[in-house]
Amino acid sequence: MSDVGAGRPVQQEFAGMPPKLYAASPSRLLALVDCPRRYRMQYLDKPRPEARPQRAHTSFGLAVHNALRDWWDLPRDRRTASAGRELVRQSWIDVGFRDPDQASQWRKRAQEHVTAYLGGVDPDDQPKGIERTVSFVSGALRVTGRIDRLDDRDGELVVVDYKTSQKPLGEDDARTSLPMALYAAAVWKMFRRPCLRVELHHVPTGEVVSHTHTPESLTRKVDEAKSIARDAQRVDADFAERGVESTLFPPVVGPLCTWCDFRAHCPEGQTAGPEKSGWAALEAAEAAAVPRPVEVD
């Protein structure tokens, strides 16, 4: 060890040593791609700038995810579709909504979505994992994340992710998703069994969008993540040396700025337009009025 930089010990590097691992979640990697300024404020600034309060659609999504998680912890005889209604009620929080009436309306909607979704789930088909933390190392990158559900279907491992946005899924959403591909790669390495299929389950409509990767396509996604990680290592090092004076964190100004949790600390982002209200995504969903398909026996 050698003492450098404000008297802090820093490990010396020797020829032939493996590269220092860069640890990141898929969300952290994509944050850098979306907006380097937001990445800096969210992951590097100390103290971290205060983020805006949680939005209503996030509260809605958390309640749905928690209910679908907790359903599998119920005794087998209580794993009914209607049990989802009570689980949503137990996990509900009235944060981000315009008023109590709106919160109540969307709690009921969440209960309806979860009940309908669970109507198509076999309570005896116990998943391999629920909200399972997975990780793997490839080169200098260590990826860690948490998957909503891992199924074992006749020997095939399948990564399942719940989606609660009121916007319908696109047919390529599963194929192009970097996090889903990284989760599949992590499952493959951890369980030492191929994992190629990924599924997005859109709870509000019951739609399932899936994609079956090839080993080659997973490798390409891992390489994409490693490329982003190299950029992240570079900007992180520059920030460690120069702090907020670093020029490697420009804002990406656009429509997403009106939704950004850190826009109060970004003058450039504020020029993109007025900030969206905490319940704006719900109002947009009401305008779209996307119905759940009617199931016919």
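Residues numbered from 1 in each chain as written. Predicted model: local features only at pLDDT ≥ 70, side-chain atom pairs only at ≥ 80, totals over all residues. Heavy atoms only, no water.

Naming follows an unreviewed UniProt entry, where the protein appears as RecB family exonuclease of Knoellia sinensis KCTC 19936.

Visitor: I'd love a proper account of the side chain of Ser177, names of residues and values included.
Guide: Within the fold, Ser177 resides in the loop between α6 (173–176) and α7 (178–191). At 3.2 Å, the side chain of Ser177 and the backbone nitrogen of Met180 are in polar contact. (Helix = DSSP H or I, 4+ residues; strand = E, 2+ residues; numbered from the N terminus. Polar contact = N/O pair within 3.5 Å; in protein donor to acceptor, adjacent residues only side chain to side chain.)

Visitor: Which residues make up unusual backbone geometry, and what values go with them?
Guide: The bulk of non-glycine residues show a negative phi, and the bulk of peptide bonds are trans. Of note, the amide linkage connecting Lys46 to Pro47 takes the cis form, showing an omega dihedral of 0°. Assignment of secondary structure puts Pro47 in the loop between α2 (36–44) and α3 (56–71). Residue Asp154 is not a glycine yet carries a positive backbone phi of 55°. Within the secondary structure, Asp154 is located in the loop between β5 (141–153) and β6 (156–163). Unusually for a residue other than glycine, Arg192 sits at a positive phi of about 55°.

Visitor: Run through the environment of Asp173, naming residues and quoting values.
Guide: Assignment of secondary structure puts Asp173 in helix α6. As a C-alpha pair, Asp173 and Glu199 span 26 residues in sequence and 9.4 Å in three-dimensional space. Within the structure, the side chain of Asp173 is placed 2.6 Å from the backbone nitrogen of Gly170, a separation counted as a polar contact.

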